[in-house]
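The chain contents come next:
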Amino acid sequence: MKLHELRDNPGATSKRKRVGRGPGSGTGKTAGRGIKGQKSRSGVAINGYEGGQMPLYQRLPKRGFNKPNRKQYAVVNLGLIQKFVDAGKLDGKAEITEDALVASGLVRRKLDGVRVLAKGDVNAKLTISVTGASKSAIEAVEKAGGSLTVTAAAAAE
């Protein structure tokens, strides 16, 4: 095979349709747009327009509400905290605070605080101090002999 013998597969490429190029082309004069009307003009945008009928997106009822000042927490699972302690990225002996979690790379940013959930199991005796925690997470840490304190007041600021 030589360079000049290279060809695309038959039917893989098709020529661009050049409209408005004379009567012999088959798409001359009105260029396939028909006669008159909004769609025959340039600069037409009629997405979602239903000819004056009430559009579908306006006929359907609105649902739900997004609270503009809602709190958004960074979520951490107990299993991950244990994994980081085992790997030596977190100091299990010292108190594990939100700043320590950020510094270790377990949490990217604190947002409105860090919330601990009980996914995974913990076996080290940890002292954790965070903005929020689930009941089952608190139980799991206390069962392992540690303590988990929730400091909700700090997150309000």
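Residues numbered from 1 in each chain as written. Predicted model: local features only at pLDDT ≥ 70, side-chain atom pairs only at ≥ 80, totals over all residues. Heavy atoms only, no water.

## Some remarks on the confidence of the model for the protein
Okay, so step 1: On average, residues of the protein score 87 in pLDDT, and 96% of them are at 70 or above.
Okay, so step 2: Here helix 5 (residues 152–156) stands out as the element of the protein with the lowest mean pLDDT, 50, in contrast to helix 1 (residues 56–59), whose mean of 92 is the highest. (pLDDT = per-residue confidence, 0-100. Helix = DSSP H or I, 4+ residues; strand = E, 2+ residues; numbered from the N terminus.)

## Examining a nonpolar patch on the surface
Okay, so step 1: A cluster of nonpolar side chains, contributed by Met 1, Leu 3 and Leu 6, occupies part of the molecular surface with about 440 Å² of accessible area.
Okay, so step 2: Among the structural elements, Leu 3 can be located in the segment before helix 1. (Patch = residues over 30% accessible without salt bridge, like charges linked within 9 Å, V, L, I, M, F, W, Y side chains within 5 Å. Areas by Shrake-Rupley, 256 points an atom, 1.4 Å probe, with all protein chains shown as cover. Salt bridge = Lys/Arg side-chain N within 4 Å of Asp/Glu carboxyl O.)

## Considerations on the sheet that holds strand 4 (residues 127–130)
Okay, so step 1: On the basis of which strands lie adjacent, the open sheet formed by 3 strands has the order 2-4-6 and parallel pairing. Two strands in the sheet have a free side with no partner beyond their single neighbour: strand 2 (95–96) and strand 6 (147–150).
Okay, so step 2: Where strand 2 meets strand 4, 2 bridges bridge the pair, whose relative direction is parallel. Bridge pairing in strand 4 places Ile 96 opposite Ile 128. (Pairing = 2+ DSSP bridges.)

## Quick word on the environment of Pro 10
Okay, so step 1: Relative to the helices and strands, Pro 10 resides in the segment before helix 1.
Okay, so step 2: Classification of Pro 10 by relative accessible area gives exposed; the value is 84%.
Okay, so step 3: Taking the C-alpha atoms as reference points, Pro 10 and Arg 63, 53 residues apart in sequence, are found 52 Å from one another. (Buried < 20%, exposed > 50% of the residue type's maximum accessible area, 1.4 Å probe, protein only.)

## Focus on the side chain of Thr 131
Okay, so step 1: Take Thr 131: it is sitting in the loop between strand 4 and strand 5 (132–133).
Okay, so step 2: Classification of Thr 131 by relative accessible area gives buried; the value is 7%.
Okay, so step 3: A polar atom in the side chain of Thr 131 sits 2.2 Å from the side chain of Glu 98. (Polar contact = N/O pair within 3.5 Å; in protein donor to acceptor, adjacent residues only side chain to side chain.)

## A closer look at helix 2 (residues 78–87)
Okay, so step 1: Here helix 2 has its buried residues at Leu 78, Ile 81, Gln 82, Phe 84 and Val 85. Along the axis of helix 2, the buried residues cluster in a sector spanning 160°; they form a single face. The outward face of helix 2, more than 90 degrees from its buried face, is lined by the exposed residues Lys 83, Asp 86 and Ala 87.
Okay, so step 2: Looking at the buried residues of helix 2, the elements they touch are strand 1 (74–77), strand 2, helix 3 (98–104), strand 3 (114–117), strand 4 and helix 4 (135–143). (Arc of directions from axis to C-beta. Contact = heavy atoms within 4.5 Å.)

## Here we look at unusual backbone geometry
Okay, so step 1: The residue Lys 29 is not glycine, and still its phi comes out positive at about 50°.
Okay, so step 2: Judged by relative accessible area, Lys 29 falls into the exposed class, the value being 82%.
Okay, so step 3: Of note, Ala 31 is a non-glycine position whose phi angle comes to about 60°, a positive value.
Okay, so step 4: Positionally, Ala 31 belongs in the segment before helix 1.

## Considering the sheet that holds strand 1
Okay, so step 1: Here we have 3 strands laid out as an open sheet, ordered 1-3-5, and parallel in their pairing. Each edge of the open sheet is held by one strand with a lone partner, namely strand 1 and strand 5.
Okay, so step 2: Pairing of strand 3 with strand 5 involves 2 bridges; the strand directions are parallel. Each residue of the ladder has a partner; that of Arg 115, found in strand 5, is Gly 132.
Okay, so step 3: With respect to the sheet, helix 2 is in contact with strand 1 and strand 3, its orientation differing from that of strand 1 by roughly 70°. (Axes fitted to C-alpha atoms, helices over the stretch in contact; angles between N-to-C directions.)

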